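An overview of the molecular structure
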Amino acid sequence: MSEEATTTHPIPAGFENAHATPESYKRMYAESISDPNGFWGREGKRLDWITPYTKVKDTDFTTGQVSIKWYEDGVLNVCVNCVDRHLPERADQVAIIWEPDDPATPARQITYAELSDKVNRMANVLLSQGVMRGDRVVIYLPMIPEAAYAMLACARIGAIHSIVFAGFSPDALANRINDSGAKVVITADTAPRGGRRTALKSNADKALLHASDKVRCLVVKHTGDQTTWVEGRDVDVLALMEQVSPDCPPRPMNAEDPLFILYTSGSTGKPKGVVHSSGGYLTFAAMTHEYTFDYHDGDVFWCTADVGWVTGHSYIVYGPLANGATTLMFEGVPTWPDAGRFWEVCDKHKVTQFYTAPTAIRALMGQGTEFIEKHDLSSLRLLGTVGEPINPEAWVWYDKYIGKGKCPIVDTWWQTETGGHLITPLPGAIPTKPGSATLPFFGIKPAVLVPETGAPIEGNPAEGVLCIADSWPGQMRTVWGDHQRFEETYFQQYPGYYFTGDGCRRDEDGYYWITGRVDDVLNVSGHRMGTAEVESALVAHPKVAESAVVGYPHEVKGQGIYAYVTLMNGVEPSEELRKELEAWVRNEIGPIAKPDLIQWAPGLPKTRSGKIMRRILRKIAENDYGALGDTSTLAEPAVVEDLIENRMNRG
Ligand code: 6R9
C-alpha cells in the first residue's frame, strides 16, 4: 500500500472556522454523553416548534420494552421547517438545483419561493385524493424535483411517505404498497437514466394489479411518453397542481409522529419498513448535515444518492432544506454521456461539497484522469463517501484527483436505521485516516463487543461487533406494523445495546474501521440486500430446487452476488438457463439484485441437522477454499469437493 494510504491526513487549511474545531468537538462530545438531555434539548431548538417540548429524551433499550421517544410533547411541522420558515430571508435563494439526465436539457433552479408554491399545491392535490393525516403514500419517482415536492407535501399534511427506489421491480413495489397499506402511489410516465428510459408507470400498473383497487395512481408527466391510463384511478398530478390553491395550511404534528417509512433489507425475511419520526429525525438530519459537511450559507451541496435510499432522504432533502441550504439533485449516472459527468456538474454548478459512494469512485478510477482534467473543480471544499467501506486506494485517488489534496474526505458510517451519520470525521476537528470512519458524532456511544459473549471490549485496539450503547434523536422508532421484529432484530442478541449488524475494529487512537456486515446482508455497490431475498426469488423459479446466496469481493461493486443453485430433478444446467435465472431475479427484485455468478450445485453443504453451512460457501465464493475451517459437522463432505472443483470465481 502507498504511504498516503497508511498515514494520518491532518485537517486541511481553510477549516479553522469550521462548525467544529478539535477543541469544540471534544468539549461538545463530552457534554453530549454526560448530559444528553441538556445537549439535545439545546440542539432541538434548531427547529421551529409550534408547541415547544418540555421533555427531551425518553428511551429504553431493555429487551421486551424497547421504546424510543425524543421531544415527545413537542409539536411541529417538518415541511414548515424545510420551507416556510426560510421564506422571510431566502425566498429568492435557490433551494434545489435540478440537473437532468441529458446534459443538453437545461438545468432548473428552484427557489425557496417556488418550492413553497409547488409543495403547497402538491399537498392540496394529495388532500383532493382523500389522503389524510397518518395515511401512507408510496413514492415511485425518478430523481426529479417532484420527488422532493411529494415528500414535503406529505410532511405538510401529516401523511407518511414511503419511497420505493425507481430501480425496483413491480413485484417489489407491490409488496411495499401492500405492507404499508398505502392509499396512493405517486409515479412518473418514464424515467430517463443514462440515456435510456425505464417505464415507471407501466411498472406501477403491474404492481397495482396486486394491490387493493382503491389505491390511486398519481402520475407526473415528466417525459411526455405515452402510457396507459386507467380512468378513475390515474390522476395527472402536474395538471391538477395548476388547478388547486397554492396555499395549504400545515398540519401540526407531534414530534413522535412518523415522517416516513423506508424499506430496507435484513438478514432474514422480507424487507422491513423502517419508521422514522418527525422531530428527532429532522433535528439529527439537520445537525449532521451542518457539522459533517461543514455547511455554510452560500455553499452548493451535492449528494449523488437516489432519494429512494436513506442517504437521499437525509442529505438531499431533509437535512439540507432544514438548514436553508442549496441542494443539488441529479437525475443521471456518473458514466453517461461520458465518465466526466460528475465533474462537469461540479464545475457547472460550482459545487462546494460533494458526497458519493465508494463504488462510483472505483468505477471512475478505472476510466483514467482525462475526464477530470477537462473540468474546473476548484469550487470543491469537501468530499464525502457513504454506503460501504472505502478501500484506501480509492480514498487516495479521490483525495488526489478530485480533492487535489486540499479537501477533507468525510467517510460517513451510518444506516437506514440510524437516520443520519453516527461515525464520521468532522472536517475541522478530526484528522482522517484512509478507510476509517474515524470518531463518533455527538451523542453516539459506540461499543465493540465480543461477538460470542456480548462482553464490551474496553481499551484499544479492539475488534468485534459494533453496537451503540444509547439512543440518539435520529434513531428508527419501530418496524412498520411489527414492533416485535424491531426488538428481535436490533436489541435481542446483545441486551441493552442497539446492534448494527456491522463488524468493526477500533485502533490505538480510538478510530473506528468498519469491516462490513457480520450478518447475511450483502452490500452491492452500496445497496443493501438480504441473501434471503435473492434466495427466495431464485427458488420461486419452477426449475430451481434450492439455492444459497453469499457475497464475494468485487473490484468495483465492493461485493458481488454469488448464487449456488440446485436444480429440480431432471433439469439440466445450461447457459440459457443461467440467463433465464438472471432475468428472473431482475424481474422479481430489480436489476441491482441480479447474481454476478451462478454456480450449479448438485448439493449444498449442510450440517446433520440440515442447516446450510454458509461459512463454507462464502470461502469457496471468495476463492479461499484452502481455509475451510471445521468441516467435521458436514452431513456429506463430498458435496464440498464438487463445489470447489466447479467454483466460478477463480480471480
Ligand atoms: C447510509 C447507508 C447500511 C450499511 C451499514 C454498513 C454499510 C454504510 C459505511 C458503511 C463502511 C461506511 N456502510 N456506510 N460501511 N463505511 N462509511 O448506506 O445505509 O443502505 O442502510 O446501509 O452500509 O455495512 O450497516 P444502508
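Residues numbered from 1 in each chain as written. Predicted model: local features only at pLDDT ≥ 70, side-chain atom pairs only at ≥ 80, totals over all residues. Heavy atoms only, no water.

The name an unreviewed UniProt entry gives the chain is Acetyl-coenzyme A synthetase, with Paracoccus pacificus as the organism. Quoted verbatim from the Sequence similarities (unreviewed entry) field of the UniProt record, the comment on the chain reads "Belongs to the ATP-dependent AMP-binding enzyme family." According to UniProt, the comment filed for the chain under the heading Cofactor (unreviewed entry) is "Mg(2+)". (UniProt positions renumbered as here; feature names shortened; annotations may be inferred.)

Turning our attention to the packing of aromatic side chains. Evaluation of the coordinates by the stated rule reveals 41 aromatic pairs. Between Phe39 and Phe442, the ring centres sit 5.8 Å apart and the planes meet at 45 degrees, which makes this aromatic pair tilted. Here the residue Phe39 occupies a position in helix 3 (residues 36-43), and Phe442 occupies one in the loop between strand 20 (409-412) and strand 21 (446-449), the gap between them amounting to 403 residues. An angle of 80 degrees between the planes, with centres 6.0 Å apart, marks the rings of Tyr315 and Tyr355 as edge-to-face. Taken together, the residues Tyr315 in helix 12 (residues 310-322) and Tyr355 in strand 18 (residues 353-356) connect sequence positions 40 residues apart. Feature note: the residues Tyr25, Tyr29, Phe39, Trp40, Trp49, Tyr53, Trp70, Tyr71, Phe284, Tyr291, Phe441 and Phe442 constitute an aromatic cluster, connected by ring pairs. Lying across the ring of Phe168, Arg176 places its NZ or CZ 4.6 Å from the centre. Directly above the aromatic system of Trp229 lies the positively charged group of Lys221, at a separation of 4.8 Å from the ring centroid. (Phe/Tyr/Trp six-rings, centres within 6.5 Å; stacked < 30°, edge-to-face > 60°. Helix = DSSP H or I, 4+ residues; strand = E, 2+ residues; numbered from the N terminus. Lys NZ or Arg CZ within 6 Å of the ring centre and 35° of its normal.)

Counted as a void, the second largest pocket has a volume near 550 Å³. Forming the walls of the second largest pocket are 29 residues, and the residues nearest its centre are Ser267, Gln493, Phe499, Asp519 and Asp520. Going through the elements one at a time, helix 17 (483-490), strand 24 (498-506), helix 18 (531-539) and helix 20 (614-621) are the ones with two or more residues in the lining of the second largest pocket. Of the residues assigned to the lining of the second largest pocket, the class counts are nine nonpolar, nine polar and eleven charged. (1 Å grid on protein atoms, 1.4 Å probe; cavity = no way out; pocket = protein on both sides within 12 Å on 5 of 7 lines; lining within 4 Å. Points joined across faces, edges and corners; volume = space filled by probe spheres on them. Nonpolar A, V, L, I, M, F, W, Y, C, P; charged D, E, K, R; others polar.)

Our next topic: the confidence of the model for the chain. In this model, the chain carries an average pLDDT of 96, and 100% of its residues clear a pLDDT of 70 or more. The ipTM, which scores confidence in the relative placement of chains, is 1.00 for this predicted complex, and the corresponding pTM is 0.94. (pLDDT = per-residue confidence, 0-100.)

Structurally, the position occupied by Asp257 is in the loop between strand 13 (253-254) and strand 14 (258-264). A distance of 2.7 Å separates polar atoms of two side chains, one belonging to Asp257 and the other to Arg133. Excluding residues within four positions of it along the chain, Asp257 makes contact with Arg133, His276, Ser277 and Ser278. (Polar contact = N/O pair within 3.5 Å; in protein donor to acceptor, adjacent residues only side chain to side chain. Contact = heavy atoms within 4.5 Å.)

Core analysis: the biggest nonpolar cluster contains 160 residues, and Leu115, Ile177, Ile186, Tyr318 and Phe442 have the highest contact counts within it. When residues in this core are grouped by element, the largest group, ten residues, is from helix 7 (residues 145-157). For Ile186, the residues in contact, after removing those within four places along its chain, are Leu126, Val137, Val138, Ile139, Tyr140, Leu141, Ala150, Leu218 and Val220. Membership of the second largest hydrophobic core comes to 31 residues, among which are Ile372, Leu380, Trp397 and Tyr398. (Core = buried A, V, L, I, M, F, W, Y, C linked by side-chain atoms within 4.5 Å. Buried < 20%, exposed > 50% of the residue type's maximum accessible area, 1.4 Å probe, protein only.)

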